[in-house]
Amino acid sequence: MCHPRGPGRVDGMTTHRAPKYPARSGRPVERSVVAGLVLAVGAGLAWIGGMIYTIAGWSG
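Counting of residues starts from 1 at the beginning of each chain's written sequence and follows it residue by residue. In keeping with the predicted nature of the model, local features appear solely for residues at pLDDT of at least 70, side-chain atom pairs appear and are counted solely at 80 or more, and the whole-chain, interface and lining totals rest on all residues. Excluding hydrogens and water, the side-chain figures rest on all heavy atoms present in the structure.

As recorded in an unreviewed UniProt entry, the protein chain goes by Integral membrane protein and comes from Streptomyces violaceolatus.

What follows concerns the overall build of the protein chain. Counting from the N terminus, the helices are DSSP H or I runs at least four residues long and the strands are E runs at least two residues long. Looking only at helices and strands, the protein chain features 1 helix and 0 strands. Exposure is judged per residue with a 1.4 Å probe applied to protein chains only, and the accessible area is read against the type maximum: over 50% gives exposed, under 20% gives buried, and values in between give partly exposed. Counting all 60 residues of the protein chain, 0% fall into the buried class. In this description, accessible areas are obtained by the Shrake-Rupley approach with a 1.4 Å probe, and a residue is regarded as covered only by the protein chains that are shown. Split by element, the accessible area of the protein chain, about 6200 Å² in all, is 67% carbon and sulfur.

Bringing the UniProt feature "transmembrane region" (unreviewed entry) in the protein chain into the picture now. The UniProt feature table records "transmembrane region" (unreviewed entry) at residues 33-56. Between the C-alpha atoms that bound residues 33-56 the distance is 34 Å, and the span itself is 100% helix and 0% strand. UniProt positions are given in the numbering used here, feature names are shortened, and annotations may be inferred rather than shown by experiment.

Glancing now at helix α1 (residues 28-58). To estimate how far a helix should reach, multiply one less than its number of residues by 1.5 Å. Look at α1: 45 Å from first C-alpha to last across 31 residues, which is about the 45 Å you get at 1.5 Å a residue. Among the residues trailing α1, glycine 60 stands out with phi positive, at a value near 125°.

In this analysis, a patch consists of residues with relative accessible area above 30% that form no salt bridge, clustered at 9 Å for like charges and at 5 Å for the nonpolar side chains Val, Leu, Ile, Met, Phe, Trp and Tyr. Should a side-chain nitrogen of Lys or Arg be within 4 Å of a carboxyl oxygen of Asp or Glu, the pair is scored as a salt bridge. Together, Val41, Leu45, Trp47, Ile48, Met51 and Ile52 make up an exposed nonpolar region whose accessible area comes to about 630 Å². Checked against the element boundaries, methionine 51 lands in helix α1.

Given below as structure tokens:
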């Protein structure tokens, strides 16, 4: 005789999980992204400084 499943009861679930690989120590992609962000922030600050210099030059 087959037993009916009650509410909230799950049968036959797998317990297998894929192995988790440790993070590699040298991540060249991450380093290049950080370098790009640093360069972008530097360019943004230079642009803001140039705008302030330009507006200060206009006012006299």
